[in-house]
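Next come the chains, spelled out residue by residue.
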Amino acid sequence: AKEAENREEKERLQTAYYAKASASRKARLQAQRNGATEEEAEAAGVAAGQRAFDMTVQAIDAEAIALQAYEQRNAELRATAEERNAEQLAAEEAAREVLDDEVKLSSEC
């Protein structure tokens, strides 16, 4: 379990770092095309990269929360369905016993 958590965290951060690098590179190139100095282009790249990183981490976290809520809701629905099924089976069994008792009584007469 711990290994899976570590792997998930590593993948989460890798995805965020890729988004950061891509956004940083794009922003830096765009700033240079627009005539910015090297320092301005670098600052634009850093800012865009950090925004992309933060947004990616937030999106991944939100997705994980939504998935957890979905799985919890499904577990609750499954438990409710199993409970209803058990009640239905018990009612059917009780009805069968009543019918069996009536058949026995009618055959005794």
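See the structure shown above.
Can you help me understand helix α1 (residues 2-33) in this one?
The periodicity of an α-helix, 3.6 residues per turn, causes residues three or four places apart in sequence to face the same way. Here α1 is 32 residues long and its end C-alpha atoms lie 47 Å apart, about the 46 Å a rise of 1.5 Å per residue gives. Every buried residue belonging to α1 is among Arg12, Ala16, Ala23, Ser24 and Ala31, and all of these are buried. Contact partners of the buried residues in α1: α2 (38-108).

Help me out: how do you make sense of a negative patch on the surface in this one?
A cluster of acidic side chains, namely Glu97, Asp100, Asp101 and Glu102, defines a negative patch on the protein surface. Along the chain, Asp101 turns up in helix α2. Classification of Asp101 as partly exposed rests on a relative accessible area of 44%.

Looking at this model, I keep getting lost on the packing of aromatic side chains. Mind explaining?
Any pair of aromatic rings gets described here by the distance separating the centres and the angle formed by the planes. Summed over all chains, the structure comprises one aromatic pair. Both rings, one in Tyr17 and one in Phe53, keep their centres 5.0 Å apart while their planes meet at 45°; by these two values the pair is tilted. Of this pair, Tyr17 sits in helix α1 while Phe53 sits in helix α2, placing them 36 residues apart in sequence. Positioned above the aromatic ring of Phe53, the side-chain terminus of Lys20 is 5.8 Å from the ring centre.

What's the story with α2 in this structure? I'm lost.
An ideal rise of 1.5 Å per residue puts 105 Å on 71 residues; α2 measures up with 104 Å between its terminal C-alpha atoms. Of the positions making up α2, those classed as buried are Ala41, Gly45, Ala48, Gly49, Ala52, Phe53, Thr56 and Val57. In this fold, the buried residues of α2 make contact with α1.

What's the story with the pattern of salt bridges in this structure? I'm lost.
When their charged atoms lie close together, side chains carrying opposite charge are able to pair. For the structure on display, the rule yields five salt bridges. The residue Arg73 makes a salt bridge to Glu76 at a minimum N-O spacing of 3.9 Å. In this pair, Arg73 and Glu76 are both assigned in helix α2, three residues apart and thus about one turn of the helix distant. By relative accessible area, which is 47% here, Arg73 ends up partly exposed. In this structure Glu76 comes out as partly exposed when scored by relative accessible area, which is 38%. Connected via shared salt-bridge partners are Glu9, Arg12 and Asp61.

So what exactly am I meant to see when it comes to the layout of surface pockets here?
The method is simple in principle: a probe with the dimensions of a water molecule rolls over the atoms, and the space it marks as empty is what remains. Roughly 240 Å³ of volume is contained in the largest pocket. If you go around the largest pocket, the residues you meet are Glu8, Glu11, Arg12, Ile60, Asp61, Glu63, Ala64 and Leu67. Secondary-structure elements contributing two or more residues to the lining of the largest pocket are α1 and α2. By residue number, the principal contributor to the lining of the largest pocket is α2, which donates five residues. Taken together, the residues of the lining of the largest pocket break down into three nonpolar, no polar and five charged.

Conventions and cut-offs
- Residues numbered from 1 in each chain as written.
- Predicted model: local features only at pLDDT ≥ 70, side-chain atom pairs only at ≥ 80, totals over all residues.
- Heavy atoms only, no water.
- Helix = DSSP H or I, 4+ residues; strand = E, 2+ residues; numbered from the N terminus.
- Expected span 1.5 Å × (residues − 1).
- Buried < 20%, exposed > 50% of the residue type's maximum accessible area, 1.4 Å probe, protein only.
- Contact = heavy atoms within 4.5 Å.
- Patch = residues over 30% accessible without salt bridge, like charges linked within 9 Å, V, L, I, M, F, W, Y side chains within 5 Å.
- Areas by Shrake-Rupley, 256 points an atom, 1.4 Å probe, with all protein chains shown as cover.
- Salt bridge = Lys/Arg side-chain N within 4 Å of Asp/Glu carboxyl O.
- Lys, Arg positive; Asp, Glu negative; His and termini not counted.
- Charge placed at Lys NZ, Arg CZ, Asp CG, Glu CD.
- Phe/Tyr/Trp six-rings, centres within 6.5 Å; stacked < 30°, edge-to-face > 60°.
- Lys NZ or Arg CZ within 6 Å of the ring centre and 35° of its normal.
- 1 Å grid on protein atoms, 1.4 Å probe; cavity = no way out; pocket = protein on both sides within 12 Å on 5 of 7 lines; lining within 4 Å.
- Points joined across faces, edges and corners; volume = space filled by probe spheres on them.
- Nonpolar A, V, L, I, M, F, W, Y, C, P; charged D, E, K, R; others polar.

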